[in-house]
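Notes for the structure review
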Amino acid sequence: MYQWRKFDFFEDKYGGKTSISDQLTGGVNCCSSGRGKIVVGCDDGTVALLDRGFKYNYGFQAHTSSVLFLQHLKQRNFLVSVGEDEEISSKLPVVCLKVFDLDKPPNPEGPSTSSLDCIQILRIFTKQFREAKITSFLVLEEAAPILLIAIGLDNGCIYCIQGDIAREHIKRFTLQVETTSNNISQLSITGLGFRVDDQSLQLFAVTPSSVSLFNLATQPRFRQSLDHIGCGINSVAMNDRLELIVGRPEAVYFYDVDGRGPCWAFEGEKKFVGWFRGYLLCVIEDHRTGTNTFNVYDLKNRLIAHSIAIKEVSHMLFEWGNVILIMTDKSVLCIGEKDMESKLDMLFKKNLYTVAINLVQSQQDNAAATAEVLRKYADHLYSKQEYDEAMSQYIHTIGHLEPSYVIQKFLDAQRIYNLTKYLEKLHEKELASKDHTTLLLNCYTKLKDVEKLNVFIKSEDGELKFDVETAIKVCRAANYHEHAMYVAKKAGKHEWYLKILLEDLGSYEEALLYISSLEPSQAGVTVKEYGKTLIEHKPVQTIEILMKLCTEEDKASKRKASRGTYISMLPSPVDFLNIFVHHPLSLMDFLEKYANKVKDSPAQIEINNTLLELYLSSDSNFPSPLQVDVQENIDVRAEGSSTDVAPNVISIEEGKDLKRVEECERFQKGLRLLKDAWPADQENPMYDVDLAIILCEMNGFREGLQHLYEKMKLYKEVIACYMQAHDHKGLIACCKRLGDSGVGGDPSLWADLLNYFGELGEECSKDVKEVLSYIEKDNILPPIIVLQTLSRNPCLTLSVVKDYIARKLDQESKLIDEIRRATEKYQEETLAMRKEIHDLKTNARIFQLSKCTTCTFTLDLPAIHFMCMHSFHQRCVGDNEKECPECAPEYKSVQEMKKRLEHNSTSQDQFFQEIKSSKDGFSVIAEYFGKGLISKTAVGSG
């Protein structure tokens, strides 16, 4: 104790000038506190209630003789008192227990000691409970209104009363402290203490010669002896950990259910012992000087929080957050604890930072307050240039003190080792930001401490307790590529891992192997980002990876569906087109391999469009075999000695020829694609027709254009391609194939072909004769049109059409003769019909038929004769007597034919369709005129 520091953490609230009100005339026998009041019991039987400042509130007569013990309840505003009352019959004092309701104070207009409402009065001693001197008194409030009252006697007995005292629903029982002492003074109960823990209820009992523990939750109530040494009155208390405190002259002892615990050697007789907010309170009498000292002990921090010399104390109370000591002369000492800030200021002025830290940690469960004290302590050490000790304190503030406050200090002091330690702790507690990670890694690299860098990067638990991207950037900038790659791989930052391999190390093969080891989805993302570099340096291997990603080769790309089937989540080759910029040959190779392997890709149209563009491209930037071979020769010579010469050096002329050959091969591939991707049984092609036409036009790919126009049935555009190329042989062959109307061709193509030769301006007699043979064969054009067309070509002579004209004239002469004979025949028939009509109109008809035309029986009356010279029985004709039954069908068929022809004459679509499909449109028009279908009446009506 003599080594403990003394501090004034408490202060006198009233300056030592407070005393109990003079209105309290009797001597103070007992006191109690609670609910903001002090209750004082006097030797004249009165009880007084004092307010804050010990001002007299009111009083009442509780007992007729004296008040021995008081306890103010916490749960209900009741006052339980034990005192002596004179019995009226015998006028002998009787010890009674009374319960008063303080919520019903006496009438303020009455006398100051008027009576208060007494709820219940119990006689403590009965025939079963023999009378003895009461030495201690304690009330436990269980569940209201149940009370447990323990009354300690000088004979070692404890009377217990349990139940609802107000309604006298109680039970009594006795506890006996066993002792072997013959001295009756050693049997007196000097202290009691209830211990309530969960469902257990226990009672400590102290005598001058023993410490006992009763278990009140069992039957019988078991007694446990804890010690064979006790203490006197007022030297017993309970702390907040439910331990019993016993003060003896040599020390203060603590007891729990297992017996004696720790003890503290404080010399002097303990007149009073108490426990207040974690402090041990002792009023100690020094026998040598006869003075009393009041000490407040902080046992956790081993210091004396307050010490003051006082008068003789009669009672110790706790109310209003203060410790109240009532002296025998009725003066009062009210001591209150100072606030934490005042206590810390006191310690800081004395540079007692360690004490301040312990004090805060023991009295406040506030980590922020502790961190503030630690910061001040660390600042103090830093000002003394004790950097290592200061840093050890700053580390304890992590999580409460802004890290930049500490970092700035040690950056200025250039204490990189201390700063590194602080940053490491920040990362351990996962409170580091990106800037902290950057700073720590920079510290490691500046110190060239590879071992610590390994420990930080490659932690044993495998967790990365820092910002991954920041660590990668810093390690990469400091050329610690291995560490950067480790972090990237550990964190799954595949983009960063590949960036280091490709951009910093140039390890293209390793990068390809790494991509191959990834999941398909991740591999696809990385290839999209770094594919340009990989294609530039390792095109073959990169294409292999792309094929695995985009085809069924990669089994990892399968995903099992809920019904046991497999769904392939494969990327499209179109997604990777951007990585082949400036590398069309590699793109062509990739798409060709993919198209050969996958026949029903959803992106087939886009793939074919891209392949067509590559096949038909005539861009000067397109790599040629010459460029490839020259580059390979340069690589070979670079790998060999300086005197080596490439065995196969390609000349410029050979290179040009190779380029033409390569371009021709590509065009052939393009034509093959155009044909294969548009089968005959398919209406639409597997490519964009408009785009294909544009590509063929831009790159002069005539064969492709001809194929496309022919598939689209644009026959005139097809022959236009041949005309543009002056390919007469191909032009005639195309017209033979496309100009046959029997197979859906367009005969007008021959007219266009003839017109082409007529405007050619070149000698083409042989071709014109061949064309004329086909025109003559199918009678496509009249001779006059042929002559007019060919006359525009000055290089053609009459000999070209001589034989054609002769044959046509011969055919026309024969046709004219046939027409003339038919005309004469029709004229003769017409004259005969006119004569017959005239005879019918002017001459009488003699009917001489003797038989009916229908039934061939002899004709008898009534009979019907028609002008056509047919005769019938009237019964054979029937109702229709106006038409000849024999001639009527023929006449009707002629009438219907005429109506049909008249109807067709009004159908313009049919008329023009016949003209279009006919080889000789003039003959169609003439036929319509000849049939009278194009009549003046129709014109006039229009």
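Small disclaimer: the values here were computed from a predicted structure and weren't measured.

Residues lying three or four places apart along an α-helix face the same way, a consequence of the helix completing one turn every 3.6 residues. Over its 12 residues, helix α14 (residues 539-550) runs 16 Å from end to end, which matches the ideal 16 Å to within 8%, given 1.5 Å per residue. Of all the positions in α14, only T542, I543, I545, L546, M547, L549 and C550 are classed as buried. Looking at the buried side of α14, the elements it contacts are α12 (508-517), α13 (520-537) and α15 (584-597).

With that settled, consider the sheet that holds strand β8 (residues 66-72). The strand order β8-β9-β10-β11 describes an open sheet built from 4 strands, whose pairing is antiparallel. Taken across any chain shown, the strands that pair with only one partner, and hence form the sheet edges, are β8 and β11 (118-123). Geometrically, the sheet is characterised by an average inter-axis angle of 20° between neighbouring strands, direction not taken into account. Both strand β10 (residues 93-101) and β11 contribute to a ladder of 5 bridges, which runs antiparallel. Paired with L97 across the bridge in β11 is L122.

With that out of the way, let us pick up the sheet that holds strand β23 (residues 259-264). Across the sheet, which stays open at both edges, the 4 strands sit in the order β20-β21-β22-β23 with antiparallel pairing between neighbours. Strand pairing shows two members of the sheet lacking a second neighbour, β20 (236-238) and β23, which therefore form its edges. When strand polarity is set aside, the average angle formed by the axes of neighbouring strands in this sheet is 25°. As paired elements, β20 and strand β21 (residues 244-247) share 3 bridges and run antiparallel to each other. Bridging from a neighbouring strand, M238 pairs with L244 of β21.

Time to look at the pattern of salt bridges. A full pass over the atoms with the stated rule returns 31 salt bridges. With a closest N to O distance of 3.4 Å, D85 and K98 form a salt bridge. Taken as a pair, D85 in strand β9 (residues 78-86) and K98 in strand β10 lie far apart in primary sequence, 13 residues in all. One exposure class covers both D85 and K98, and it is buried. Between E662 and R666 there is a salt bridge, with the nearest N and O atoms lying 2.7 Å from each other. Pair noted here: E662 and R666 are both in helix α18 (residues 652-676), with a separation of 4 residues, about one helical turn. When its relative accessible area of 11% is taken as the criterion, E662 is described as buried. The class for R666 is buried, based on a relative accessible area of 5%.

Before going further, it helps to examine the confidence of the model for the chain. On average, residues of the chain score 82 in pLDDT, and 88% of them are at 70 or above. Throughout residues 556-567 the model reports pLDDT below 50, and contacts reaching past four residues in sequence, or to other chains, amount to 20 contacts. The low-confidence segment residues 624-649 (pLDDT under 50) makes 14 contacts with residues lying over four places distant or belonging to another chain.

Next up on the list: the pairing of strand β13 (residues 146-153). In terms of burial, β13 is a largely internal element, 7 of the 8 residues being buried. Here strand β12 (residues 134-141) runs beside β13; their pairing, made up of 7 bridges, is antiparallel. The partner of S136 across the bridge, within β13, is G152. The hairpin turn running from β12 into β13, its antiparallel successor, is 4 residues long. Bridge count between β13 and strand β14 (residues 157-164): 7 bridges; the pairing is antiparallel. Within the sheet, the bridge partner assigned to I146 lies in β14 and is D164. Adjacent in sequence and paired antiparallel, β13 and β14 are bridged by 3 residues, among which G156 carries a positive phi angle near 90°.

What counts and how
Residues numbered from 1 in each chain as written. Predicted model: local features only at pLDDT ≥ 70, side-chain atom pairs only at ≥ 80, totals over all residues. Heavy atoms only, no water. Helix = DSSP H or I, 4+ residues; strand = E, 2+ residues; numbered from the N terminus. Expected span 1.5 Å × (residues − 1). Buried < 20%, exposed > 50% of the residue type's maximum accessible area, 1.4 Å probe, protein only. Contact = heavy atoms within 4.5 Å. Pairing = 2+ DSSP bridges. Axes fitted to C-alpha atoms, helices over the stretch in contact; angles between N-to-C directions. Salt bridge = Lys/Arg side-chain N within 4 Å of Asp/Glu carboxyl O. pLDDT = per-residue confidence, 0-100.

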